[in-house]
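Listed below, chain by chain, are the residues.
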Amino acid sequence: MYAFIWRKLPFGLVGKLTGSVLLVAATVALLWYVAFPWAEPLLPFDDVQVESGVPAEPGDNAPVTGETPAGDEHELPYDTEQNNPVPSSPSR
């Protein structure tokens, strides 16, 4: 198909390159302004549900609010010293 299009474009190499660029630009514009806006309501990209990541306690009927648990807000849930060796001095 691409060979057929290339053969049918007029005006030698410069015309073929210009025509190819115009065909690609027209295809991109058609997709961007017609096809994608039509398909957007059909796609689930806006259906987002964010949870706090904190598992609820059994019997806890409180809704998940997304707030951090009690304690330091900046407390990391992992050890920052593990796998963090002291740099060795440069050898001469």
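Let us look at the structure shown here.

## Description of the overall build of the protein
In terms of regular secondary structure, the protein is built from two helices and zero strands. Each of the 92 residues in the protein was classed as buried or not, and the buried ones make up 5%. Surface accessibility of the protein: about 9300 Å² in total, with carbon and sulfur atoms responsible for 62%.

## A closer look at unusual backbone geometry
Backbone geometry places Phe 11, a non-glycine residue, at a positive phi of 70 degrees. The topology assignment puts Phe 11 in the loop between α1 (2–8) and α2 (12–39). For Phe 11, a relative accessible area of 74% corresponds to the exposed category.

## Comments concerning α2
In a regular helix each residue adds 1.5 Å, so 28 residues correspond to 40 Å; α2 covers 38 Å between its end C-alpha atoms and thus fits that length. The largest bend in α2 is about 35 degrees, located at Leu 31. Contacts from the buried residues of α2 go to α1.

## A look at the side chain of Lys 16
Of note, Lys 16 is situated in helix α2. Not counting residues within four places of it along the chain, the set of residues in contact with Lys 16 comprises Trp 6, Arg 7, Leu 9 and Pro 10.

The rules behind these values
Residues numbered from 1 in each chain as written. Predicted model: local features only at pLDDT ≥ 70, side-chain atom pairs only at ≥ 80, totals over all residues. Heavy atoms only, no water. Helix = DSSP H or I, 4+ residues; strand = E, 2+ residues; numbered from the N terminus. Buried < 20%, exposed > 50% of the residue type's maximum accessible area, 1.4 Å probe, protein only. Areas by Shrake-Rupley, 256 points an atom, 1.4 Å probe, with all protein chains shown as cover. Expected span 1.5 Å × (residues − 1). Bend = angle between axes of the 7 residues up to and from the residue. Contact = heavy atoms within 4.5 Å.

These results come straight from atomic positions and should not be treated as a statement about function.
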